Amino acid sequence: MTKTLKPGDKVKWGASQGETHGVVEKKQTTDTKIKTHEVTASKDDPQYIVKSDKTGAEAAHKPDAIRKG
């Protein structure tokens, strides 16, 4: 089942520090770069750009790595 998230959705994901919360900024369907990290994404294999509530940092996550919350 493919997740459909949209900008503004509250999400959470696992991190080395424990569970992290944030907001979906956009669905990424093309390759991009976040700081020095290369993000590989396509229409068939998208990633979501999320912004951490705690740090304000952006990160890219595959749909299976994040959940609404």
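Note that the structure is a prediction, hence the values are computed from the model and not measured.

Calculation notes
Residues numbered from 1 in each chain as written. Predicted model: local features only at pLDDT ≥ 70, side-chain atom pairs only at ≥ 80, totals over all residues. Heavy atoms only, no water. Helix = DSSP H or I, 4+ residues; strand = E, 2+ residues; numbered from the N terminus. Buried < 20%, exposed > 50% of the residue type's maximum accessible area, 1.4 Å probe, protein only. Contact = heavy atoms within 4.5 Å. Pairing = 2+ DSSP bridges. Axes fitted to C-alpha atoms, helices over the stretch in contact; angles between N-to-C directions.

Visitor: Tell me about the environment of Gly69, residues and numbers included.
Guide: Structurally, the position occupied by Gly69 is in the segment after β7 (66-68). The class of Gly69 is exposed, set by a relative accessible area of 52%. Expressed as a C-alpha distance, the spacing of Gly69 and Leu5, which sit 64 residues apart in the sequence, is 11 Å. Not counting residues up to four positions away in its chain, the partners in contact with Gly69 are Lys10, Val11, Lys12 and His21.

Visitor: Describe the sheet that holds strand β5 (residues 47-52), naming the residues involved and giving the relevant values.
Guide: Taken together, the five strands give an open sheet; going across it, the order is β6-β5-β2-β1-β7, and neighbouring strands pair in antiparallel fashion. At either end of the open sheet lies a strand with only one pairing partner, and these are β6 (58-61) and β7. Strand-to-strand twist of the sheet, defined as the mean angle between neighbouring strand axes without regard to direction, takes the value 45 degrees. Sheet topology places strand β1 (residues 10-15) next to β7; three bridges connect them, and they run antiparallel. Residue pairing in the sheet places Val11 in a bridge with Lys68 of β7.

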